[in-house]
Amino acid sequence: MESRKARIVEIEPVTRVEGHGKVTVHLDEHNNVSEARLHIVEFRGFERFIRGRLLWEVPVIVQRLCGICPVSHHIAAAKAMDMIVGVDQLTPTAEKMRRLMHYGQIMQSNVLHFFHLSSPDLLFGFDAAAKKRNIFEVIKQFPDLAKQGVLMRKYGQEVILHTAGKKIHGTGAIPGGINKNLSIQERDALLIDVDMMISWAQNAIQVAKNYTLEHLPLVEHFANFKSSHMSLVREDGALDLYHGNLRAVDAAGNIIFDQIDYRDFNDYLMEEVRSWSYMKFPFIKSRGNVDGWYRVGPLARMNTVSFIDTPLANKEFEEFRSFGQGKPVSMTLAYHWSRMIEVLHCVEKIKELLHDPDLQGTDLRLKGERREEGIAVIEAPRGSLFHHYKVNEHDQVTYCNLIVSTTHNNTAMNRAVTDVAKKYLSGQKTITEKMLNHIEVAVRAYDPCLSCATHALGQMPLVVEVLDVEGKVVDRGSQYAELEKG
Amino acid sequence: MNGGLTLIIGYGNPGRQDDGLGPEFVRRVDDGNWQGVSTQVNYQLTVEDAVDIARYPRIIFVDATIEPSIATEQGFSFTPVGEASGQPFASHSLTPGSLMELARTLFDARAEAYILAISGYEFDQFEEKLSARAEANLLNALDYCRQWLQRHPVSELESHA
């Protein structure tokens, strides 16, 4: 390949990110990065798959959508179906059981991401050899931390098991309520380790926070860009991962909109299609498609909410916010710190709920006046998750639209990739695996879920393509190291 | 199903056609009330599975595969789980080799482990149905595994330990 020819380097897929993704780095004739794009090979057709299904089936079926966050889809779908069966307020037992399930899900998902995927980057550095940046090296050098990560994940799964009925394909949440309560035996089993989980969550925050503070020169210049942020908040502004109203703030922390009933989301958000991506680009209508993009997820939530209603997490939240000096924290790598604060919040909430006798209540389900449309938003591990359905008089789904967290973060991830590519790849004659890992670190911080649960053996080749300025493939490789061609 | 000393873990997404071969294998093992086995299903293997693995002397992972080198006339292969080294971590999931190494390192697991890889062909649609060829491969794999387990009881394994 001629070294001075404009080219595009493709990296596919992004390792240690869920599903299939591809990054194209567009280089000009001087090997400077002009742009970088994250292409997500999003699986299409789920909305068609769900059409014709009975509304009662939907909370179970939607779990097929994703192998990583099935519980989030389960809860969001059930919440949308509540609206269709005319239930605007669940019984205390039903809502608290769902919340317990949800906190277990967020805890275990955030923990998995942090310990399994991101901790190698943070503990050993982005420049560390690939063979060192994995969970086994974490086990070797930080065995207690690694074991805590595994057992915290296990604990979250146990919470899901006792609330959803199963670890996967759970059936706990049903339209209008829940199909089981928490037995005394299940409660007592979960109480045994809950204080240890709180302690370990605090340890994990220290790892993430210390990394941020001890590496500020790097963190402040790594995919750090201003943006708006959006999430649900409670009526009093508190963090609420299960229910609330929409709030968006701009890069300075000014309110764009607040306490918006999420059922009116179409009045405030739009989705744009771009020719080069399968995934849509949502934006805030009032800001337009150029400036209206925003971030969701743990970092966004720390920037939108006014406080956290659990004491230990709120203390950490206050430290986080003081770090931002009153303005939203915009560093991509601060997602890790935020994510661990949420883990602590979830464990505190789990403990609070386990001591609540409502979980042993028997009033599990309500019915109301039937509606034809259901909309739900929850704060899933990766950010706001929207489910929107319409059903006919035969209880069959006629319309389905899902906006997943990764879609909300689409523009932000592209910004992050471009920022890092320009800093670390521009002007280089050869592109090394270390440089490319910097791009992956930026993408991984958002913990994208690429809507692809297929994982059959042999289906994840790493494909690298080099294209010239006319889009012609001039080189192709299947090994990471083979990117070093100029 | 619980109680047996051989843990069969079937994983994959039943909503993605042949990707559901692993969970369907387990469903039929449960329906057939196989003796001496415990079963689990999951979308994919993740770190906490290491805790359960450490409690069993033998693990059989069952997964769909599109790997041509694995394909046989019977449509499946049954092999010992290989080493984790050299296998990159992709996504949140683990390979059987990585998971076994995790279980050995963190939880002192001693289990011997095998992977039953069943060839699948259709993965690209949301549909809870196996292709006809995958179904045939599944039946072959079930027959083989049942007979293999009968020939290799865990008590024999333990006596050699």
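All of the points below concern the structure found in this document. No experiment lies behind these values; they were computed from the predicted model shown. (Residues numbered from 1 in each chain as written. Chains lettered and ligands numbered in written order. Predicted model: local features only at pLDDT ≥ 70, side-chain atom pairs only at ≥ 80, totals over all residues.)

Section: the pairing of strand β2 (residues 37–42) of chain B
Residue and element names in this part refer to chain B. Stated formally: Note on pairing: DSSP must find at least two bridges between two strands before they are called paired. Strands here are runs of E lasting at least two residues and helices are runs of H or I lasting at least four, both read from the DSSP assignment and numbered beginning at the N terminus. Here, the term right-handed applies to a crossover whose path from the first strand over the helix to the second runs clockwise when the strands point away from the viewer.
Pairing of strand β1 (residues 6–11) with β2 involves six bridges; the strand directions are parallel. Note that in β2 the partner of Y11 across the bridge is N42. In the classification by handedness, the crossover that spans β1, the intervening helix α1 (residues 21–31) and the parallel β2 is right-handed.

Considering the environment of B:T95
Here is the rule: Around each residue's C-beta, the other C-beta atoms within 10 Å are counted; 20 or more make the residue buried, 12 or fewer make it exposed, and counts in between make it partly exposed. All C-beta atoms are placed from the backbone.
Relative to the elements of secondary structure, B:T95 occurs in the loop between β4 (76–80) and α3 (96–107). Residue B:T95 is classed as buried on the basis of its C-beta count, with 21 C-beta atoms lying within 10 Å.

Structural notes on the sheet that holds strand β8 (residues 255–260) of chain A
Backbone-to-backbone hydrogen bonds join strands into a sheet, with any given pair of strands oriented parallel or antiparallel. Residues and elements named next belong to chain A. Strand order in the open sheet made by the four strands is β8-β7-β6-β11, with mixed pairing throughout. Every other strand in the sheet has two partners, leaving β8 and β11 (294–295) as the edge strands with one partner each. Pairing of strand β6 (residues 228–233) with strand β7 (residues 245–249), which is carried by five bridges, proceeds in the antiparallel orientation. The residue bridging L232 from the neighbouring strand is L246, located in β7.

Quick word on the nonpolar core
Soluble globular proteins tend to pack their nonpolar side chains together in the buried interior. The following threshold applies: Note on terminology: a nonpolar core is a set of buried residues of type Ala, Val, Leu, Ile, Met, Phe, Trp, Tyr or Cys, with members joined through C-beta atoms within 7 Å. Placing C-beta atoms from the backbone, we regard two residues as in contact once those atoms come within 7 Å.
The biggest cluster of nonpolar side chains holds 176 residues, and the ones touching the most others in it are A:M340, A:V417, B:I53 and B:L116. In this structure A:V417 touches A:V23, A:A36, A:L38, A:I439, A:A442 and A:V443, once residues within four positions along its chain are discounted.

Observations concerning the sheet that holds strand β13 (residues 383–391) of chain A
Residues and elements named next belong to chain A. The line we're drawing: Here an angle of 0 to 180 degrees is reported between the N-to-C directions of two axes, which are lines fitted to C-alpha atoms, with helices fitted over the stretch in contact.
An order of β12-β13-β14 is seen for the three strands of this open sheet, with the pairing classed as antiparallel. At either margin of the open sheet sits one strand with a lone partner, and together these are β12 (373–380) and β14 (397–403). Between one strand and the next, the sheet's axes are offset by a mean angle of 10 degrees, whatever the strand orientation. When β12 meets β13, the two strands line up antiparallel, connected through eight bridges. Residue pairing across strands places E379 opposite S384, the latter belonging to β13. Sitting on the sheet, helix α3 (residues 70–84) is in contact with β12 and β13, with an inclination near 145 degrees to β12.

Some details on the packing of helix α4 (residues 92–124) of chain A against helix α12 (residues 334–354) of chain A
Residue and element names in this part refer to chain A. Just so we agree on the cut-off: Crossings are classed by handedness, with left-handed meaning an anticlockwise turn of the near helix from the far one by less than a right angle and right-handed meaning a clockwise turn. Three residue categories are used. Nonpolar comprises Ala, Val, Leu, Ile, Met, Phe, Trp, Tyr, Cys and Pro, charged comprises Asp, Glu, Lys and Arg, and polar comprises the others, including Gly.
Where α4 contacts α12, the axes come no closer than 9 Å and their chain directions differ by 150 degrees. By crossing handedness, the relation of α4 to α12 is classed as left-handed. Here the residues of the contact of α4 with α12 sort into 13 nonpolar, five polar and five charged.

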